[in-house]
Amino acid sequence: MSSPNSQVDHRPAAFRIYRDFKECEDVWDDGNRTMYWGNDHEPEAPPPPPFLILVQGPPNVGKSLLIRSLVNHFTMEEDDIQGPVTIITADKRTRLQFVECPDDISAMIDAAKYADLVLLMVDASYGFEAETFEFLNLLQAHGLPKVMGVLTHLDEFEDETKLNDTKERLQDLFRTEIYQGAVTYNLSGLQHDLYNMGDVQELAEEILTLQFHLSSRRAAHPYVLVDRFKDATPLKKVHKNANCKRNICLYGYLRGCSIKSGAKVHIAGFGDFYLAGVRSTTDPFPLSPEMDKESDLVELTHMENEGFRTGTYLRLEVHGVPFKMVQNHDPCHLILVGGISFEEENNGYMQVRLKRHNWHMKLLKSGDPVTVSAGWRRYQTQPIYAREINNGQHKYLEFNPEDEHCLAMFQGPVAPPCTRIAVVQRKKDAFRIAAKAVVLEPKHHSKIMKDSKREGKPQNIYNERTALIKFEPGDIDVAALKGAPIQTRSGIWGMVNEEAEEKGIARCTFEDTICMSDTFIMRVLCQFEAPCFFKQYNSIVPVDDESLRKKRRGVEIIDGEPSSYPYSKFTLFLNIMYMCDKEKETVVVISEQKRLDMLEKHEEEELKKPVIGLPRILCYG
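Residues numbered from 1 in each chain as written. Predicted model: local features only at pLDDT ≥ 70, side-chain atom pairs only at ≥ 80, totals over all residues. Heavy atoms only, no water.

Looking at an unreviewed UniProt entry, one finds the chain named Bms1-type G domain-containing protein and attributed to Papaver somniferum.

Novice: Sorry, what's going on with the packing of aromatic side chains here?
Specialist: Aromatic rings considered in pairs are described by the distance between their centres and by the relative angle of their planes. By the definition in use, this model includes nine aromatic pairs. Look at Phe-128 and Phe-133: their rings are 5.7 Å apart centre to centre, the planes differ by 75°, and that puts the pair in the edge-to-face class. Judged by relative accessible area, Phe-128 falls into the buried class, the value being 3%. On the basis of relative accessibility, which here comes to 4%, the residue Phe-133 falls in the buried class. Taken together, a centroid distance of 6.4 Å and an interplanar angle of 45° make the contact between Phe-128 and Phe-174 tilted. On the criterion of sequence distance, the pair formed by Phe-128 in the loop between strand 6 (117-123) and helix 3 (130-141) and Phe-174 in helix 4 (residues 160-178) is long-range, its members being 46 residues apart. Comparing Phe-128 with Phe-174 shows no difference in burial state: the two are buried. A network of ring pairs unites the aromatic residues Phe-128, Phe-133, Phe-174, Trp-359 and Phe-431 as a single cluster. One residue, Arg-217, lies across the ring of Trp-376, its end atom 4.9 Å from the ring centre. The aromatic ring of Tyr-251 is capped on one face by Arg-228, whose charged end is 4.3 Å from the ring centroid. (Phe/Tyr/Trp six-rings, centres within 6.5 Å; stacked < 30°, edge-to-face > 60°. Buried < 20%, exposed > 50% of the residue type's maximum accessible area, 1.4 Å probe, protein only. Helix = DSSP H or I, 4+ residues; strand = E, 2+ residues; numbered from the N terminus. Lys NZ or Arg CZ within 6 Å of the ring centre and 35° of its normal.)

Novice: What exactly am I supposed to notice about the confidence of the model for the chain here?
Specialist: Interpretation of this model should avoid reading the predicted coordinates in detail wherever pLDDT is low. Scored by pLDDT, the chain has a mean of 79; 80% of the residues are at 70 or more. Note on residues 1-42: pLDDT under 50 across the span, and 146 contacts to partners over four residues away in sequence or across chains. (pLDDT = per-residue confidence, 0-100. Contact = heavy atoms within 4.5 Å.)

Novice: I keep staring at the environment of His-266 and nothing clicks. Help me out?
Specialist: Mapped onto the secondary structure, His-266 falls in strand 14 (residues 264-267). Here the alpha-carbon distance between His-266 and Leu-336, two residues 70 residues apart in the chain, equals 8.2 Å. Residue contacts for His-266: discarding those within four places in its chain leaves Gly-271, Asp-272, Leu-336, Val-337, Gly-338, Ile-340, Trp-376, Arg-377 and Gln-536. At 3.4 Å, the side chain of His-266 and the backbone oxygen of Gly-271 are in polar contact. At 2.7 Å, the side chain of His-266 forms a polar contact with the side chain of Asp-272. (Polar contact = N/O pair within 3.5 Å; in protein donor to acceptor, adjacent residues only side chain to side chain.)

Novice: Which parts of the structure should I look at to understand the nonpolar core?
Specialist: Taken as a class, soluble globular proteins show a tendency for nonpolar side chains to be buried jointly. Among the nonpolar cores identified, the biggest contains 51 residues, and Leu-54, Tyr-114, Phe-128, Phe-135, Leu-138 and Val-555 are the most heavily contacted of them. It is helix 3 that contributes the most residues to this core, seven residues altogether. Setting aside residues up to four positions removed in sequence, Tyr-114 forms contacts with Leu-52, Leu-54, Val-99, Arg-218, Tyr-223, Leu-225, Leu-334 and Leu-336. Within the second largest apolar cluster, 29 residues are counted, among which are Ile-53, Val-71, Leu-96 and Ala-204. (Core = buried A, V, L, I, M, F, W, Y, C linked by side-chain atoms within 4.5 Å.)

Novice: Would you mind going over the pattern of salt bridges with me for this structure?
Specialist: Any two side chains of opposite charge can pair, on the condition that their charged atoms come close. One pass over the full model with this rule turns up 11 salt bridges. Between Glu-317 and Arg-315 there is a salt bridge, with its nearest N and O atoms 2.1 Å apart. Residue Glu-317 is classed as buried on the basis of its relative accessible area, which comes to 1%. For Arg-315, a relative accessible area of 1% gives the class buried. (Salt bridge = Lys/Arg side-chain N within 4 Å of Asp/Glu carboxyl O.)

Right, dumping it as structure tokens:
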């Protein structure tokens, strides 16, 4: 029985795939039109959209149960939940939309970009798990919202002392290692198949006191979290070819900033599309009581430059999407639609300042595929890594540095400067967040140079130790290599003196006798670019393999010496080890304070070491 002052929407039908082409107000329009209820000539500014409360945690931590319990607290309803749930609080002033974050990494990447509040759930009987820290890092990369901790499975403790010690330890670690100063709440047990009413009430009251603020990126870009999906492809077209591209309608509240028809958007997991139509439609959860009254439907034609304002409930028309987007649609994997700015429309090479995550066990190898999350997009690409040498040039690295920033270059959709990026490796690593990065200004882009061999043959030999050497390829800039060391295959060293009259030929002198049959080798740094490759990750495959993993991935944070733990694989900078058995995979991590203490000690020891000179390597290009 619903409370008379609350509304709830489980939207079971909202995610049904509709096949009808026309409905009373859902017809394709030829121009920009707004529909609203009322008799005024101008629509009033819409109220803010519902606040998005994301419930996140590892599998079986109790996410669905928490949403059911919160919905029951606000509405007195106890139905099963599929997809997002929207409620209006009793004072008719606030709308909340509860969303459960799926367990696969692609959904976690998308969810980190739209949540206003995150309830991070932890199974207290097990301890922290890797999914919690992975998601926290995704949040940090995409504009950290408000975060609250929720401890569950507390009723599994039989010993009161152990229970209190566990709560105190987890709460302290949550405040210091997960989210600075975060508040945690305890769900101590069940009542009538829901969480304890008193615990839920305390959490709900805290939610209602929060003030929500958008990150600067979200405030500057329009976005819609789709809560209703409809296939509007003409039946004749579908009957002719069931695998044809589809026309769809996506419904949801506009967030961020205004949008208009014809805008380019990115549908997470499916690619970029132009909006064939944008229309406001009846708000299913109006805050104003007047919206509930019967009124005439008024249509207004928008001026050419006018857009729809934040908080409007929209229907977005998109043409030409893959048919599998309709076929494999899952109400629990929400669709995020984000507006693309003009500077984000092109593809090209980007350079970023990157640092490997301290918890990622492996160094990143140049050319290995990674998943990049930048802006609304997520895609696969193959970065190369480099460190600065001189004159703004960077030398190619086979692996990224252990604990230093480096330059990374890769191809993909161009993101504006200062965009923060998360780098994910989808292999079965115990911690999948590989690195974080920031996009550099194009004017600060650097040449990446790679150590390369150049071979040459003598064109003429003078006095047995002087020769004209022709190098391949013939476009080599010999003048820039004056003074460079050169060597024969037999080990005779020499030096480039000057460029001869013919391009690509150098006059060289050697320390011993040379002959016409010798092959000459010179090592130089040549300009190098990242592989010309990137691939949009799509959601055509319904479930990621990672979500099916059976092993739980625990996290243990320690203040002790790494050597006191068995199977240790610690290095100072990786500061991590894995302890695996048949049922559990544990990531043991040095606490941040311990790591800083060890780093300070290491730096003091490094300063005491003698400096060893490095061989000279010349650059050209």
